[in-house]
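Remarks on the overall topology
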Amino acid sequence: MPLAHPFDDDKLKEECGIFGVVGVADAANFVALGLHALQHRGQEAGGIVVHDAEHGFNSARRMGYVRDNFTSAELLQTLPGNIGIGHVRYSTAGNKGQTAIRDVQPFFGEFSMGGAAIAHNGNLTNAAALRRDLIDRGAIFQSSSDSECIIHLMARSMGRNIPDRMEEALRKAEGAFSVVAMTRTKLMGVRDPLGVRPLVLGKIGDGWALSSETCALDIIGAEFVREIEPGEMVVISAKDGVQSHFPFRRQEPRFCIFEQVYFSRPDSILSGRSVYETRRQIGVELAREAPVDADLVCPVPDSGTPAAIGFSHESGIPYGMGIIRNQYMGRTFIEPTDAIRNMGVRLKLNVNRALIAGKRIILVDDSVVRGTTTRKIKDMLLDAGAAEVHFRIASPPTAWPCFYGVDTPQREKLIAATMTEDEMRDHLGVDSLRFISLDGLYRAAGHAEGRNNACPQFCDACFSGEYPIKPTDMIAKGFELKS
Ligand code: SF4
């Protein structure tokens, strides 16, 4: 089980990663590799389900990293078949931060026409209401996960086959969902009508792959074919190839803009654009919007790096690695004592003293959530002799929680929910603090005209408070939407 780290408290947690293949020998190996490439999307647990004609469905679900669980030949031999799906998880519903093995996906159901397994990335905003209704009608839930509702809805569907049942189930679901699912012979992929979470299609030899991100296609040598479109369902078999249809009412897409800033890997392609290039362009926009006289631009590694490169390029201020990340933190400390825990961010990041001493530093970070890490990094730089510390943030202030598959603290814990930019600057004790504007972020993401306020091109609810899908369950619990 990977360690929780103090640094992690001050980042939004990636949601989940999903992957599936059909028409390849030893599918489990490909799924394990794909999940390994998607590990940044969830580190608490992972699971794989496969099928072959002789052994039927088989599965393995484990706590911890893919590399620690799904690389042994012994385990992979128990997962035979040429079709399989997998999931890596950071819990966004159910027992947050304390995944129980029963919550680990993929989930499996046996229907009259055969078995099916599903893996879900996102969060159903009406899951509590669905769950109550399903339990009232006799469903017995195995997990605390919102995603299990999909299996129970499928069980109650009158659809003639499993794809029909999945389609009917998802019509009742509200919220964000990218789903990969499988029957004995078919791989299925679905994106919610707004396409909040990503899902892409790849081709590998005579087979096919579905993945949260293109970086996982690269690792197995698959060719990126295209994105699954918002509201699209694909049913794929080795025999018939890819069959596509659009079962939901068409709506304007609202892809998660935070995927561009932070969640996705920089070597992935999103909406036809390189994530790295979008992040570099965010740095360019930031340098134009919030210039400052300084000697050195440094990233907060790793996700601030492309934006820092863009900032440096646009401003003409040299770029340098003023903070070095310890790549192996998290695996070496078995039982951190309080003394070690109190070292906080120093366990993960160290200042490159020789580079920063006496200099005015611009630090570029991807986001500020609670502000605790920002403050500690500033202290480390000043201790090491920096003359000034200016923060430039590659996302607008995160002032609202996400209900679509990203773990955010409660609103009152978000520093931007209670303070203005100037108040945050004073609270954090930095020489200056500026965030990219929403328009600047949209420009960097490829919309030269900026945000279309009448019909925004992305979901940006955690910045704007404008939720494209009503968070029904949260409203029932007392959450107040922006007036
Ligand atoms: S609220 Fe933020 S993190 Fe959540 S889907 Fe929307 S943009 Fe992404």
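Residues numbered from 1 in each chain as written. Predicted model: local features only at pLDDT ≥ 70, side-chain atom pairs only at ≥ 80, totals over all residues. Heavy atoms only, no water.

Focus on the site of the ligand
Surveying the vicinity of the ligand reveals 13 residues, the closest of which are Arg 197, Cys 256, Cys 402, Cys 459 and Cys 462. Comparing atom positions with the cavity grids shows the ligand to sit within the largest cavity. Sorting the residues of the shell around the ligand by element identifies α8 (257-263) and α17 (461-464) as the ones contributing at least two each. When the residues that make up the shell around the ligand are grouped by side-chain class, the tally is eleven nonpolar, no polar and two charged. (Near = heavy atom within 4 Å. 1 Å grid on protein atoms, 1.4 Å probe; cavity = no way out; pocket = protein on both sides within 12 Å on 5 of 7 lines; lining within 4 Å. Sits in = over half its atoms within 2 Å of the grid points. Helix = DSSP H or I, 4+ residues; strand = E, 2+ residues; numbered from the N terminus. Nonpolar A, V, L, I, M, F, W, Y, C, P; charged D, E, K, R; others polar.)

Observations concerning empty space enclosed by the protein
Inspection of every chain in the model, using the stated rule, returns two cavities of 30 Å³ or more. Roughly 120 Å³ of internal volume is contained in the largest cavity. For the lining of the largest cavity, the elements supplying multiple residues, two or more each, are α8 and α17. Its residues assigned to classes, the lining of the largest cavity comprises 15 nonpolar, no polar and two charged. (Points joined across faces, edges and corners; volume = space filled by probe spheres on them.)

Overview of the nonpolar core
Phe 258, Leu 363, Ile 377, Leu 381, Phe 391 and Tyr 404 are the most contacted members of the largest nonpolar core, which has 74 residues in total. Setting aside its immediate chain neighbours within four residues, Leu 381 contacts Val 351, Ile 356, Ile 361, Leu 363, Ala 386 and Val 389. By size, the runner-up hydrophobic cluster in this structure holds 28 residues, among which are Phe 107, Cys 149, Ala 173 and Met 188. (Core = buried A, V, L, I, M, F, W, Y, C linked by side-chain atoms within 4.5 Å. Buried < 20%, exposed > 50% of the residue type's maximum accessible area, 1.4 Å probe, protein only. Contact = heavy atoms within 4.5 Å.)

Regarding helix α6 (residues 162-172)
Within α6, burial applies to Ile 162, Pro 163, Arg 165, Met 166, Glu 167, Ala 169 and Leu 170. N-cap assignment for α6: the residue whose side-chain oxygen lies 2.9 Å from the backbone N of Asp 164 is Asn 161. (Polar contact = N/O pair within 3.5 Å; in protein donor to acceptor, adjacent residues only side chain to side chain.)

Some words on the pairing of strand β21 (residues 388-393)
Of all the six residues making up β21, five are buried; the element is thus mostly covered by neighbouring parts of the structure. Sheet analysis places strand β20 (residues 360-365) next to β21, joined by six bridges and oriented parallel. Across the sheet, the residue bridging to Leu 363 is Phe 391, located in β21. The parallel pair β20 and β21, bridged by helix α13 (residues 372-383), forms a crossover whose chirality is right-handed. Bridge analysis of β21 against strand β22 (residues 432-435) gives four bridges, and the strand direction is parallel. (Pairing = 2+ DSSP bridges. Right-handed = clockwise from strand over helix to strand, strands pointing away.)

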